[in-house]
Amino acid sequence: MDNQFDIIILGAGIAGASVAAHLAQTKRVAILEMEDRPGYHTTGRSAASYEPNYGPKPMLALTRASAPFFKAPPEGFADGPLLVHRPSLFLEAEGQEAFTEKLLSASAGLEEISIAKTRDYFPVLRPDYAKRSFLDNHTGDLDVDLLHRGYLRLFKVAGGMLMNHAGATAIEREAKGWRITTPQGKFACTTLVNAAGAWGDVVAKMAGVAAVGLTPKRRSIGVIPIDYAGFEVWPMVTDNAETWYAKPQSGKMIVSSADATPVEPHDAYADDMAIAEGIERLMNATTLEVTHLDHNWGGLRSFVSDGNPVVGYDPADHGFFWLIGQGGYGIQSAPALSRTAATLILDEDIPADVAEAGLNLADITPARLRSL
Ligand SMILES: Cc1cc2nc3c(=O)[nH]c(=O)nc-3n(C[C@H](O)[C@H](O)[C@H](O)COP(=O)(O)OP(=O)(O)OC[C@H]3O[C@@H](n4cnc5c(N)ncnc54)[C@H](O)[C@@H]3O)c2cc1C
């Protein structure tokens, strides 16, 4: 049958595209995407930052292990840089001492700098806003579109098939695999990879697999015009309690109140109130006067209870592989996470550099979320 594959991946966001690129080198692989193009949901809505000191422990390991790829991708992968240096400032505002301790306990390469020096980087900062300031010089802006397209190109060159407008509407377990019904017809495979982002638990239930308790959380981003010479090189700036962040992007500035409102999976839109709060906090921290919003967007960051990603075969079904729960770190960790997931799908050892970076499989296995 033409629609028979070794592996079918549900979802063509960064998670599905990147793992597919690896798997297609040796297996017959298809990606089935619900929308009419890949990257329409969370992947197309990120802040595009590389922050190796941001995220839970497994994400720190995976993000740090992804740096070599971002800095030097394989020949022909992308026709421009994937990562452009932009420092980050972590500011301890009044009452945020405990958040600073938490940040420092897991961080690497942060440098505490004076408030005067902080204002050299970010001249609009009010001198009395922050008590302490930490500079991360290992951060930057990612080109998400280039990264995503690069993986999809690798996948197609290796013979992989991407089918858009092919969301799974029914998933049946058969003796040796799966039968998946979509608006484009039926497809069959031995191994099913759940890379459906916010819809991760929806897909699992459709396949008769127990859910892991995935919660999509909305985050809203406002884009504001800035009239300040040289602002394009300002760092990414956040407070240590993560109540707001802002950074220059494409000739304007993005700002967020770092909202994380639990919602059902859907085509997300921005929350106006959350954006207004972000702007107010930015104005409270700086001398910037924001008079209007250029545009905005919203996206879903999806988490399970411990905040770690869910990566591995379901403990009750060795044909169903989870690749969800990347929260707000799924782009910056994709190169290492996709290599790791591919080895796990193929029942191989995880890459040595990822293990050395500190990834502990017990922290990401779906089994940790079940009492079997
Ligand atoms: C506002 C915001 C800012 C962010 N900033 C950053 C950042 O700076 N750095 C960073 O690393 N990360 C960031 N993230 C997080 C990052 O964007 C995500 O972790 C990542 O995009 C998740 O990718 P994904 O492929 O799992 O999900 P998605 O991109 O959502 O892909 C899942 C795909 O599955 C498809 N699908 C769903 N159901 C089905 C079905 N039944 N059948 C077939 N297909 C299906 C969907 O259509 C979708 O295309 C941010 C996220 C948001 C919202």
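Because the structure is a prediction, the values reported are computed rather than measured.

As a further point, take the overall build of the chain. Along its length, the chain carries 9 helices and 20 strands. Against the compact-globule benchmark of 21 Å for 372 residues, the chain has a radius of gyration of 21 Å, which places it among compact chains. For the chain, with 372 residues in total, the buried portion stands at 49%. Look at the contacts in the chain between residues 6 or more apart in sequence, and 73% of them connect residues 24 or more apart.

Think of an α-helix as 3.6 residues a turn; residues three or four steps apart then line up on the same face. In a regular helix each residue adds 1.5 Å, so 15 residues correspond to 21 Å; helix 2 (residues 57-71) covers 22 Å between its end C-alpha atoms and thus fits that length. Remark: the principal bend of helix 2, roughly 25°, maps to A65, with a proline, P68, within the next four residues. Restricting attention to buried positions, one finds in helix 2 the residues P58, M59, L60, A61, L62, T63, R64, A65, S66 and F70. On the buried face of helix 2, the contacting elements are strand 3 (49-50), strand 4 (83-85), helix 3 (97-106), strand 8 (140-142), helix 8 (334-345) and helix 9 (352-356).

A separate point is the nonpolar core. Membership of the largest hydrophobic core comes to 105 residues, with the highest contact counts inside it found for I8, I9, V19, A20, V193 and L323. With residues up to four places along the chain from it excluded, the contact list for L323 reads A15, V19, V193, N194, A195, V311 and A341.

To continue, consider the site of the ligand. With respect to spatial proximity, 39 residues lie near the ligand, and among them G11, G13, G197, G299 and G330 are the closest. Contributing elements (two or more residues each) for the shell around the ligand: helix 1 (14-23), strand 13 (215-224) and strand 18 (295-303). Of the residues that constitute the shell around the ligand, the class distribution is 19 nonpolar, 15 polar and 5 charged. Counting the residues that make up the shell around the ligand, at least three belong to each of domain 1 (4-51 + 144-211 + 306-369) and domain 2 (87-138 + 215-303).

A word on the packing of helix 2 against helix 8. Between helix 2 and helix 8, the shortest axis-to-axis distance is 6 Å and the interhelical angle comes to 105°. For the element pair helix 2 / helix 8, the angle class is roughly perpendicular. Two secondary-structure elements touch here, helix 2 through L62, A65, S66, F69 and F70 and helix 8 through A334, P335, A336 and L337. Considering only residue class, the contact of helix 2 with helix 8 consists of 8 nonpolar, 1 polar and no charged.

Now for the domain arrangement of the chain. How big an interface is tends to be stated in terms of accessible area lost as the parts join. Here the chain is partitioned into domain 1 (4-51 + 144-211 + 306-369) and domain 2 (87-138 + 215-303). The centre of domain 1, based on its C-alpha atoms, is set 30 Å off from the matching centre of domain 2. Taken together, the contact pairs 16 residues of domain 1 with 12 residues of domain 2.

The next thing to look at is helix 1. The element helix 1 is extensively covered by neighbouring structure, given that 10 of its 10 residues are classed as buried. Of all the positions in helix 1, only I14, A15, G16, A17, S18, V19, A20, A21, H22 and L23 are classed as buried.

Taking strand neighbours across the sheet as the criterion, the 3 strands line up as 3-8-4 in an open arrangement whose pairing is antiparallel. The open sheet has two edge strands, strand 3 and strand 4, and neither has a second partner. Bridge count between strand 3 and strand 8: 2 bridges; the pairing is antiparallel. The residue bridging Y50 from the neighbouring strand is G140, located in strand 8.

Before going further, it helps to examine the packing of helix 1 against helix 8. The axes of two packed helices give the description: the angle between them and the distance between them. Between helix 1 and helix 8, whose axes approach to 8 Å, the crossing angle comes to 55°. The angle between the axes of helix 1 and helix 8 places the two elements in the oblique class. Crossing angle aside, the handedness with which helix 1 passes helix 8 is right-handed. Residues I14, S18, V19, H22 and L23 of helix 1 form the contact with helix 8, whose own contacting residues are A334, S338, R339, A341, A342 and I345. Partitioned by chemical class, the residues of the contact of helix 1 with helix 8 number 7 nonpolar, 3 polar and 1 charged.

The rules behind each value
Residues numbered from 1 in each chain as written. Predicted model: local features only at pLDDT ≥ 70, side-chain atom pairs only at ≥ 80, totals over all residues. Helix = DSSP H or I, 4+ residues; strand = E, 2+ residues; numbered from the N terminus. Rg over C-alpha atoms; globule rule 2.2 N^0.38 Å. Buried ≥ 20, exposed ≤ 12 C-beta atoms within 10 Å, placed from the backbone. Contact = placed C-beta atoms within 7 Å. Expected span 1.5 Å × (residues − 1). Bend = angle between axes of the 7 residues up to and from the residue. Core = buried A, V, L, I, M, F, W, Y, C linked by C-beta atoms within 7 Å. Near = placed C-beta within 6 Å. Nonpolar A, V, L, I, M, F, W, Y, C, P; charged D, E, K, R; others polar. Domains from an automatic or database assignment. Axes fitted to C-alpha atoms, helices over the stretch in contact; angles between N-to-C directions. Parallel < 35°, antiparallel > 145°, perpendicular 65-115°, else oblique. Pairing = 2+ DSSP bridges. Left-handed = near helix turned anticlockwise from the far one by under 90°.

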